[in-house]
Amino acid sequence: MGPLLMDTADSNSLPARRGETARPHLRNIMFAWVFGAGWLALVNGTPMIRFAEDMGLKEHPFTWGLLSAVPYLATFFQLFGSYWIEWTQRRKPIFFVANLIHRTCWLVIALLPYAVHRYSTAAIISVLSLLLFQAIGAHAAGPAWTSWMADVIPARLRGRYFGLRSRLGQAVLASMSLAAGWLLNASRIGVIKLPWPNDWALWRLRVTEFHVPVPWHAWHIEAFNFPVPALRLCSIFFMVAAVLGCIDILFFWRVPDRPQQPLDRAPRLAEVFGPAMRQPRFVRYLVFYFVYYLGTAGIGYYIWIYARQGLGVNDLQSQLMFMVIPPLGEVLVAPTWGRLIDRFGRRRVWLISMLYPSIYPLTWIFITPQYWWLGIVGQTLCNIGWNGGEQCSFNNLLQFSGGEEGSSSYQALFALAVASAGFVSGLLFSWLSHLTAGFKLDIGPFALRYYAILFLVSAIWRTLAYAILLPRVEPRQA
């Protein structure tokens with residue numbers, strides 16, 4: 001695979017090759033995420049929640065914490081991915097093999113309802129095990145992706161480029177999530193409502209005679225039977241997602257990598273990961289995200305469950321609350337975060353963007369079923385802020401990973417820190433939910449249950465990490 005010529009070359013560009021430019025490859029990377037976002041929409045949110053509920057997790061609240069923890073176990077395989085890259089100097093093979101395994105695993109997950117009995121111990125263990133296995137593939141490919149993109153995307157364009165890529169992906173994510181929620185809601189009530197023409201003769205005339213006008217009131221809403229059970233529908237979603245996810249990965253086939261320069265011997269672990277751990281700024285970055293994720297990773301599914309059970313939102317409303325409107329907020333603001341990072345640096349943007357996500361879990365305590373829609377407002381603000389923080393974090397990793405002295409070990413060690421914190425966080429909130437399962441306290445309009453304790457612990461922990469550790473991640477002059 002030959003090297004790459006950048007239109008706007010800089011120190012992070014791959015070497016030039018005559019007649020080739022970076023622009024087509026940047027387009028491939030950009031539009032690959034259209035399919036990747038479709039995959040993400042169909043395997044997350046309400047489809048995943050409904051699938052897990054119907055397979056048996058609904059009967060055991062502590063299993064939601066385990067479901068949060070399991071993917072973080074897989075993150076340890078980023079160390080394997082990083083070691084492979086530094087030894088062989090080949091990023092594309094592990095990127096393609098690991099990611100294609102990761103995406104095709106969803107075909108196997110889709111077949112679970114037909115292979116094991118629902119609500120059985122085997123069903124719950126199968127769900128957790130397969131989610132772990134598919135996550136292993138994703139994380140093994142993570143260092144290859146970060147190191148590769150650090151060489152392909154010019155440093156001066158990264159903020160705007162990934163802001164635009166995020167905006168495009170979030171638009172697809174929101175639209176497909178809305179469609180998935182609408183179909184799941186139809187599955188729940190057994191009826192789907194579609195626009196239907198009042199007069200088919202008029203429409204046949206419209207097809208043959210293009211000048212024939214058709215008034216807007218020529219349509220009405222017709223209800224049709226929708227006998228597809230939710231669990232079967234989720235299986236269909238996962239199958240479609242597997243195809244979309246593989247297309248996403250195959251878009252990278254023609255994106256060139258650096259020339260192979262394999263080492264004469266296998267490097268020692270200290271040689272691969274030691275230089276990164278001797279970087280004080282990188283260590284401070286790891287410590288912040290480790291502490292922050294202790295209060296973040298394990299709470300996610302409990303917020304979903306509270307919205308569904310505590311606030312009484314249905315499938316469509318929960319998709320609107322978590323997967324449709326908040327991503328649209330990100331779509332509008334993501335390019336702005338990118339421009340602010342390019343203009344003012346990461347430090348200021350980090351401090352501004354991560355403020356609300358730190359106190360966000362606490363806001364759920366004050367949302368009642370009567371005003372359930374306030375959850376949409378809070379989630380949208382959180383997504384907007386979180387997007388800015390993620391862009392800062394990814395740009396930070398690209399800076400460490402690119403250049404002559406950069407390596408994929410930075411991405412792997414960051415993933416290891418997040419994985420350790422995420423796994424512990426999932427177990428912690430699983431234990432807390434089991435310990436406080438019988439908690440009940442009614443204060444005026446607020447019916448506080450065990451969720452409230454989880455939300456309070458999460459908010460306090462995040463806020464402490466934000467106030468004490470985040471200001472030290474980047475020097476003030478940055």
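Owing to the predicted nature of the structure, the values given are computational and were not obtained by experimental measurement.

Draft legend 1. A look at helix H16 (residues 346-353). Among the residues of H16, those classed as buried are Arg346, Arg347, Val349, Trp350 and Ser353. Along its buried surface, H16 packs onto helix H13 (280-294), helix H15 (315-344), helix H17 (355-363) and helix H18 (374-401).

Draft legend 2. Seen up close, a nonpolar patch on the surface. A contiguous nonpolar patch, built from Leu73, Phe76, Phe77, Phe80 and Trp84 and spanning about 430 Å² of accessible area, is present on the exposed surface. Looking at the nonpolar patch, the element that brings in the most residues is helix H4 (residues 77-88), giving three residues. Residue placement: Leu73 occurs in helix H3 (residues 62-74). Given the relative accessible area of 32%, Leu73 is considered partly exposed.

Draft legend 3. Geometry of the packing of aromatic side chains. Scanning the entire structure with this criterion turns up 31 aromatic pairs. Between Phe95 and Phe96 the ring centres are 5.3 Å apart and the planes differ by 85°, which places this aromatic pair in the edge-to-face class. Ring geometry for Tyr289 against Phe414: centres 5.4 Å apart, planes inclined by 80°, an arrangement best described as edge-to-face. Of this pair, Tyr289 sits in helix H13 while Phe414 sits in helix H19 (residues 409-435), and the two are 125 residues apart along the sequence. Note on Phe414: relative accessible area 12%, which makes it buried. Geometry around Trp39 places Arg103 over its ring, the cationic atom sitting 4.0 Å from the centre.

Draft legend 4. Representation of the environment of Ile109. Inspection of the secondary structure assignment puts Ile109 in helix H5 (residues 92-110). Judged by relative accessible area, which is 3%, Ile109 ranks as buried. Separated by 130 residues in the primary sequence, Ile109 and Met239 have C-alpha atoms spaced 8.7 Å apart. Ignoring any residue separated from it by four or fewer positions in sequence, one finds Ile109 in contact with Phe51, Leu130, Leu131, Gln134 and Phe238.

Parameters at a glance
Residues numbered from 1 in each chain as written. Predicted model: local features only at pLDDT ≥ 70, side-chain atom pairs only at ≥ 80, totals over all residues. Heavy atoms only, no water. Buried < 20%, exposed > 50% of the residue type's maximum accessible area, 1.4 Å probe, protein only. Helix = DSSP H or I, 4+ residues; strand = E, 2+ residues; numbered from the N terminus. Contact = heavy atoms within 4.5 Å. Patch = residues over 30% accessible without salt bridge, like charges linked within 9 Å, V, L, I, M, F, W, Y side chains within 5 Å. Areas by Shrake-Rupley, 256 points an atom, 1.4 Å probe, with all protein chains shown as cover. Salt bridge = Lys/Arg side-chain N within 4 Å of Asp/Glu carboxyl O. Phe/Tyr/Trp six-rings, centres within 6.5 Å; stacked < 30°, edge-to-face > 60°. Lys NZ or Arg CZ within 6 Å of the ring centre and 35° of its normal.

It is worth stressing that arrangement in space is one thing and function is another; only the former is reported here.
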